[in-house]
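Okay, here's what each chain looks like letter by letter:
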Amino acid sequence: MKRLSIRVALTGMLSVIAVAILALSFTSYSSLSKLNANTQEIGQYWMSRMVLARETKGNFNLMRLAYARLIMASTPSEIDNEVKSINETADLVRKSITEYEAGVRTETGRQLIAAVKPEFEAYKLLGEELIEIKKDGQTLVATSLFKSKMKAQSDKVNTIVDDLVAKVIENANKAVSDSAAVYQANLFATLGIAAAYNSV
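Thresholds applied
Residues numbered from 1 in each chain as written. Predicted model: local features only at pLDDT ≥ 70, side-chain atom pairs only at ≥ 80, totals over all residues. Heavy atoms only, no water. Helix = DSSP H or I, 4+ residues; strand = E, 2+ residues; numbered from the N terminus. Buried < 20%, exposed > 50% of the residue type's maximum accessible area, 1.4 Å probe, protein only. Contact = heavy atoms within 4.5 Å. Areas by Shrake-Rupley, 256 points an atom, 1.4 Å probe, with all protein chains shown as cover. 1 Å grid on protein atoms, 1.4 Å probe; cavity = no way out; pocket = protein on both sides within 12 Å on 5 of 7 lines; lining within 4 Å. Points joined across faces, edges and corners; volume = space filled by probe spheres on them. Salt bridge = Lys/Arg side-chain N within 4 Å of Asp/Glu carboxyl O. Phe/Tyr/Trp six-rings, centres within 6.5 Å; stacked < 30°, edge-to-face > 60°. pLDDT = per-residue confidence, 0-100. Axes fitted to C-alpha atoms, helices over the stretch in contact; angles between N-to-C directions. Parallel < 35°, antiparallel > 145°, perpendicular 65-115°, else oblique. Nonpolar A, V, L, I, M, F, W, Y, C, P; charged D, E, K, R; others polar. Expected span 1.5 Å × (residues − 1).

### Focus: the overall build of the chain
Argument step 1. Looking only at helices and strands, the chain features five helices and zero strands.
Argument step 2. Reading the chain from its N end, one meets helices and strands in the order α-α-α-α-α.
Argument step 3. The proportion of buried residues among the 200 residues of the chain is 32%.
Argument step 4. For the chain, restricting intrachain contacts to residue pairs at least 6 apart in sequence, the fraction spanning at least 24 positions comes to 80%.
Argument step 5. Summing over all exposed atoms, the chain offers an accessible surface of approximately 12,000 Å²; the carbon and sulfur share of this is 63%.

See the structure below:
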């Protein structure tokens, strides 16, 4: 009878250990899956969003520099080179915007990237006016346009892109916070299971 009770006790303890291991394994697997998903989201999705947003801003500002160089150009050849540079960087800006738009997930991101498109095209339209003025030899008029209307329009474009970058950073930080929360939950769950096992 005594031997039987020992066997029952051992069986009970082994059952508790098995349940504890099973619970710990499930908790660890769930946490690792969530952490892996968050890591991929940060490393792949949000970083690619950041790159595209910064490419948009960088190429846009390179285009602005090309307009500034155009104003200072003194020969038809120099003017043609700067016009070519302007068109090439404009194409790069449009490419980055299109790629960002194709992969956008959030409504805020969709609204911001949709807002930047017409503002950029409005800037490009002013730029076309500047090119014609410069080709006509009116450098002072071109300079005035660049410093007034084009400057105000470029500020609009950069503000929207800056908001887009800030939103990407905010969402990436949220994914990091979610990972930290998963880690904390897993830690407490593990400690709880260990405490429950030790109390048996």
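### So, empty space enclosed by the protein
Argument step 1. Here the structure, examined in full by the defined rule, presents one cavity of 30 Å³ or more.
Argument step 2. In this structure, the largest cavity encloses a volume near 40 Å³.
Argument step 3. Around the largest cavity, the lining residues are T56, L112, I113, V116, I160, V161 and L164.
Argument step 4. Of all the elements in the fold, those that place two or more residues in the lining of the largest cavity are α3 (107-135) and α5 (149-198).

### Focus on the pattern of salt bridges
Argument step 1. Across all of its chains, the model carries 10 salt bridges by this definition.
Argument step 2. Between D162 and K57 there is a salt bridge, with the nearest N and O atoms lying 3.0 Å from each other. Taken together, the residues D162 in helix α5 and K57 in helix α1 (residues 2-72) connect sequence positions 105 residues apart.
Argument step 3. Here D162 falls in the partly exposed class, since its relative accessible area comes to 36%.
Argument step 4. The exposure class of K57 is partly exposed, given its relative accessible area of 23%.
Argument step 5. Taking the shortest distance from any N to any O, the salt bridge between E82 and R69 comes out at 3.0 Å. Placement of the pair is E82 in helix α2 (residues 76-103) and R69 in helix α1, with a sequence separation of 13 residues.
Argument step 6. Accessibility expressed as a relative area gives 15% for E82, which makes it buried.
Argument step 7. Members of the salt-bridge network, linked through shared partners, are D91, R94 and E121.

### Focus on the packing of aromatic side chains
Argument step 1. Following the criterion strictly, the structure yields three aromatic pairs and no others.
Argument step 2. Ring geometry for F60 against Y123: centres 5.0 Å apart, planes inclined by 70 degrees, an arrangement best described as edge-to-face. Of the two residues, F60 is situated in helix α1 and Y123 in helix α3; the sequence distance between them amounts to 63 residues. Each member of the pair F60 and Y123 is classed as buried.

### Structural notes on the confidence of the model for the chain
Argument step 1. Taken residue by residue, the chain gives an average pLDDT of 80. The fraction at 70 or more is 65%.
Argument step 2. Within the chain, the element-level pLDDT minimum falls on α1, averaging 70, and the maximum on helix α4 (residues 139-147), averaging 97.

### Digging into the packing of α2 against α3
Argument step 1. As a packed pair, α2 and α3 sit with axes 11 Å apart at the nearest point and diverge in direction by 170 degrees. Relative to α3, the element α2 lies roughly antiparallel. Here I79, V83, I86, N87, A90, V93, R94, I97, Y100 and E101 of α2 come into contact with α3, specifically with G109, I113, V116, K117, F120, E121, K124, E128, I131, K134 and K135.
Argument step 2. Its residues assigned to classes, the contact of α2 with α3 comprises 11 nonpolar, two polar and eight charged.

### What about α2?
Argument step 1. Taking 1.5 Å per residue, 28 residues should reach 40 Å; α2 reaches 41 Å between its end C-alpha atoms and fits that length.
Argument step 2. Looking only at α2, the buried set comprises I79, E82, V83, I86, T89, A90, V93, S96, I97 and Y100.

### Looking at the environment of R49
Argument step 1. The residue R49 is located in helix α1 in this model.
Argument step 2. A relative accessible area of 5% means that R49 is categorised as buried.
Argument step 3. The spatial distance from the C-alpha of R49 to the C-alpha of K167 is 10.0 Å, given a sequence separation of 118 residues.
Argument step 4. Once residues lying within four places of it in the same chain are set aside, the contact partners of R49 are E99, Y100, G103, V104 and V168.

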